[in-house]
Amino acid sequence: MTGHPTRIVIADDHPLFRGALRQAVSHALAGAEVSEVGSLEALGQALAEAADLDLILLDLTMPGVQGFSGLLFLRAAHPEIPVIVVSANDDPAVIRRCIEFGALGFLPKTAEVAQMGEAIRAVLDGGVWTPPGVDLSAPVDHETADMVRRLATLTPQQVRVLMMLSEGLLNKQIAYELGVSEATVKAHVSAILTKLDVDSRTQAVIAAAKIAGAGWAAAGASATS
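The text that follows walks through the structure, step by step, so that each part is easy to find.

Calculation criteria
Residues numbered from 1 in each chain as written. Predicted model: local features only at pLDDT ≥ 70, side-chain atom pairs only at ≥ 80, totals over all residues. Heavy atoms only, no water. Helix = DSSP H or I, 4+ residues; strand = E, 2+ residues; numbered from the N terminus. Rg over C-alpha atoms; globule rule 2.2 N^0.38 Å. Buried < 20%, exposed > 50% of the residue type's maximum accessible area, 1.4 Å probe, protein only. Contact = heavy atoms within 4.5 Å. Areas by Shrake-Rupley, 256 points an atom, 1.4 Å probe, with all protein chains shown as cover. Lys, Arg positive; Asp, Glu negative; His and termini not counted. Charge placed at Lys NZ, Arg CZ, Asp CG, Glu CD. Pairing = 2+ DSSP bridges. Axes fitted to C-alpha atoms, helices over the stretch in contact; angles between N-to-C directions. Parallel < 35°, antiparallel > 145°, perpendicular 65-115°, else oblique. Left-handed = near helix turned anticlockwise from the far one by under 90°. Core = buried A, V, L, I, M, F, W, Y, C linked by side-chain atoms within 4.5 Å.

## Examining the overall build of the protein
When its secondary structure is counted, the protein shows 10 helices and 5 strands. Relative to a compact globule of 225 residues, whose C-alpha radius of gyration would be 17 Å, the protein shows 18 Å and is just as compact. Dimensions along the principal axes, computed over C-alpha positions, put the protein at roughly 50 × 40 × 30 Å. Within the protein, buried positions represent 47% of all 225 residues. A separation of at least 24 residues holds for 67% of the contacts in the protein among residues at least 6 apart in sequence. Split by element, the accessible area of the protein, about 10,500 Å² in all, is 53% carbon and sulfur. If you average the places of the 16 positive and of the 25 negative side-chain charges in the protein, the two averages end up 5 Å apart.

## Regarding the pairing of strand β1 (residues 7–11)
Among the 5 residues of β1, 4 are classified as buried, and the element is accordingly described as predominantly covered. Pairing of β1 with strand β2 (residues 33–37), which is carried by 5 bridges, proceeds in the parallel orientation. For Arg7, the partnering residue across the bridge sits in β2 and is Glu33. Where β1 lies against strand β3 (residues 55–59), 4 bridges are found, and the strand directions are parallel. Directly across from Ala11, in β3, lies its bridge partner Leu58.

## Describing the packing of helix α6 (residues 142–151) against helix α9 (residues 182–196)
The interhelical angle for the contact between α6 and α9, taken along N-to-C directions, is 150°, at an axis separation of 9 Å. Considered as vectors, α6 and α9 are oriented roughly antiparallel to each other. The handedness of the crossing between α6 and α9 is right-handed. Residues Met147, Arg150 and Leu151 of α6 form the contact with α9, whose participating residues are Thr194, Lys195 and Leu196.

## Looking at the nonpolar core
One finds Leu43, Leu58, Cys98, Leu151 and Leu162 to be the most contacted residues of the largest nonpolar core, which totals 52 residues. Sorting elements by how many residues they give to this core places helix α7 (residues 156–166) first, with 6 residues. Other than its neighbours up to four places away in sequence, Leu151 contacts Leu72, Phe101, Leu162, Leu196, Ala208 and Ile211. Ala28, Leu107, Met116 and Val123 belong to the second largest nonpolar core, which has 21 residues in total.

Following this line, the structure appears as structure tokens:
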């Protein structure tokens, strides 16, 4: 750890829960600097402005996030910053997928403040923390494991394009949102199809939805081939 105070960003769209997490941080780490954001867009701005962040506490369901897309984007854009996922869904399959996608911890929203502090300290010390008593073992599904690996190879911009494809946006709409040319978007889509080993935009969205959460397929049917 460097000489600066521990810097943590809490990304959650519920102010009351952000308050509980802030309390847990203050109990676990005296003098920590804590920022709060309520959407993926605000988190992106905070990451652009902040230096030497030590930890992100990430809600799986907040504006701008579909399924595990926020976690995928963060791990692609900032692999050096540890992430603890916080979620009301403490299904072992969800916890396992979070760890597969690069999170170093998982906190159920039902956790006590003391347990939150324990998780934060463990991850800052270089460990991995998941709720005690949760069985994360599972039969290996080679097809799923392969798609998890493929999704993890996407660049931050490719993750954003895939998220927008899942919303049913056309290339020109994605280009406008990202401030790039349609040719650049087409290149990103082509790279996504190659990395995921699929033949169409629709197949890419369906594959992502199967692995990264149903939200990815909310508009998948309207994505054109």
